[in-house]
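The lines below spell out each chain.
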Amino acid sequence: MEVKVLNINGKETGRTITLSDSVFAIEPNNHAVYLDVKQYLANQRQGTHKAKERAEVTGSTRKIKKQKGTGTARAGSVKNPLFKGGGTVFGPRPRSYSFKLNKNLKRLARKSAFSIKAKESNIIVIEDFNFEVPNTKNFINVLKALGLESKKSLFVLGESNKNVYLSSRNLKASSVVTNSELSTYAILNANNLVLLEGSLEGIEENLSK
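Since the model is a prediction, treat every value here as computed from it, not as a measurement.

What counts, and at which threshold
Residues numbered from 1 in each chain as written. Predicted model: local features only at pLDDT ≥ 70, side-chain atom pairs only at ≥ 80, totals over all residues. Heavy atoms only, no water. Helix = DSSP H or I, 4+ residues; strand = E, 2+ residues; numbered from the N terminus. Expected span 1.5 Å × (residues − 1). Buried < 20%, exposed > 50% of the residue type's maximum accessible area, 1.4 Å probe, protein only. Contact = heavy atoms within 4.5 Å. Polar contact = N/O pair within 3.5 Å; in protein donor to acceptor, adjacent residues only side chain to side chain. Core = buried A, V, L, I, M, F, W, Y, C linked by side-chain atoms within 4.5 Å. Salt bridge = Lys/Arg side-chain N within 4 Å of Asp/Glu carboxyl O. Pairing = 2+ DSSP bridges.

Novice: Got a minute to help me understand helix H3 (residues 103-119) in this structure?
Specialist: Owing to its 3.6 residues per turn, the α-helix aligns residues three or four sequence positions apart on the same side. Relative to the 24 Å expected for 17 residues at 1.5 Å per residue, H3 spans 24 Å between its end C-alpha atoms, a close match to the ideal helical length. Residues of H3 that are buried include every one of Arg 107, Ala 109, Lys 111, Ser 112, Ala 113, Phe 114, Ser 115, Lys 117 and Ala 118, and no others. In this fold, the buried residues of H3 make contact with helix H1 (21-24), helix H2 (30-44), strand S3 (123-126), helix H6 (184-189), strand S6 (192-196) and helix H7 (197-207). Near the N-terminus of H3, the side chain that reaches the backbone nitrogen of Asn 104, with its oxygen 3.2 Å away, is that of Asn 102.

Next comes the structure, spelled out in structure tokens:
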């Protein structure tokens, strides 16, 4: 598929670029997308939740009342989960939520995410650019020129660019990554993908393997 190349002022450069159909025009595999997003979100969980069980609660170990003759249920410890302040039964324990997915499935998920965005016409290709110094105002001007100031956007660079990254860091709705840092979640979480020309070769090379 062919896409017009814009400059940072949002104007057409008169050039077009061909996006690989094997990456940007496949039939999306929704289950692969689901699994990859699920893994990404699972990896964000710290898994440090913990509740004290009966053996970990502080309290006396003496028998709190005689076994028989009270007219109520027998009880042997103030740590009993039935009592206020007692231990928790089957409470959460620290654990890892991560799980493994093979590379081919993750690659298919990212291609599916790109194809979804391409089908929705939410991919913009612009010329490579740089700022002399980090400047958030300059980055906002780029967003305005592209009509993205009120939308979630993801800028994909061919290689790390500190000035562009720092210029976008204070903006909640916009983020900047390199093509090697792309995830299915990041692609789908953005309303619009802004691909710099220098990133396309790396994207297609990584996903065409």
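Picking up after the structure, the text goes on.
Novice: How do you make sense of the environment of Asp 21 when you look at a structure like this?
Specialist: Residue position: Asp 21 is located in helix H1. Judged by relative accessible area, Asp 21 falls into the partly exposed class, the value being 47%. C-alpha of Asp 21 to C-alpha of Met 1: the two residues are 20 residues apart in sequence and 6.5 Å apart in space. Not counting residues within four places of it along the chain, the set of residues in contact with Asp 21 comprises Met 1 and Ile 26. In this structure the side chain of Asp 21 is engaged in a polar contact, spanning 3.0 Å, whose partner is the backbone nitrogen of Met 1.

Novice: It is not clear to me how the nonpolar core should be interpreted in this structure. Could you clarify?
Specialist: Note that soluble globular proteins tend to have their nonpolar side chains buried in a common cluster. Core analysis: the biggest nonpolar cluster contains 21 residues, and Phe 24, Phe 114, Leu 182, Leu 193, Leu 195 and Ile 203 have the highest contact counts within it. If you list the elements that add at least two residues to this core, you get strand S1 (2-6), H1, H3, S3, strand S4 (153-157), S6 and H7. The contact partners of Phe 114, leaving out residues within four places of it in the chain, are Val 23, Phe 24, Ile 123, Leu 182, Ile 187, Leu 193, Leu 195, Ile 203 and Leu 207. Among the nonpolar cores identified, the runner-up in size contains 17 residues, and Phe 131, Phe 155, Val 176 and Leu 196 belong to it.

Novice: Just checking my understanding: could you explain the pattern of salt bridges for this structure?
Specialist: It is possible for side chains of opposite charge to pair when their charged atoms get near one another. One pass over the structure, following the stated rule, counts six salt bridges. Note that Asp 36 and Lys 106 form a salt bridge whose closest N and O atoms lie 2.9 Å from each other. Taken as a pair, Asp 36 in helix H2 and Lys 106 in helix H3 lie far apart in primary sequence, 70 residues in all. On the basis of relative accessible area, Lys 106 is assigned to the partly exposed category, the value being 24%.

Novice: Looking at this structure, I do not really get the pairing of S6. What am I missing?
Specialist: Side-chain direction in a regular strand flips from residue to residue, so the side chains alternate between the two faces of the sheet. Counting buried residues in S6 gives five out of five residues, a clear majority hidden from the surface. Burial of S6 is two-sided: the residues Asn 192, Val 194 and Leu 196 facing one way and the residues Leu 193 and Leu 195 facing the other way are all buried. Across four bridges, the pairing between S3 and S6 is parallel. Bridge pairing in S6 places Ile 124 opposite Val 194. Direction of pairing for S4 relative to S6: parallel, over a ladder of four bridges. Counted as the bridge partner of Phe 155 is Val 194 from S6.

Novice: Looking at this structure, how should I read the pairing of strand S2 (residues 12-18)?
Specialist: The sheet contact formed by S1 and S2 spans four bridges and is antiparallel. Across the sheet, Leu 6 pairs through a bridge with Glu 12, a residue of S2.

Novice: Sorry if this is basic, but what is going on with unusual backbone geometry here?
Specialist: Glycine aside, the phi torsion of most residues is negative, and most peptide linkages are trans. For Phe 90, which is not a glycine, the phi torsion comes out positive at approximately 55 degrees. By secondary structure assignment, the location of Phe 90 is in the loop between H2 and H3. Residue Phe 90 is classed as exposed on the basis of its relative accessible area of 83%. For Ser 121, which is not glycine, the phi dihedral falls at a positive 60 degrees. Along the chain, Ser 121 turns up in the loop between H3 and S3. Residue classification places Ser 121 among the exposed positions, given a relative accessible area of 62%.

On their own, these measurements won't tell you what the molecule is for.
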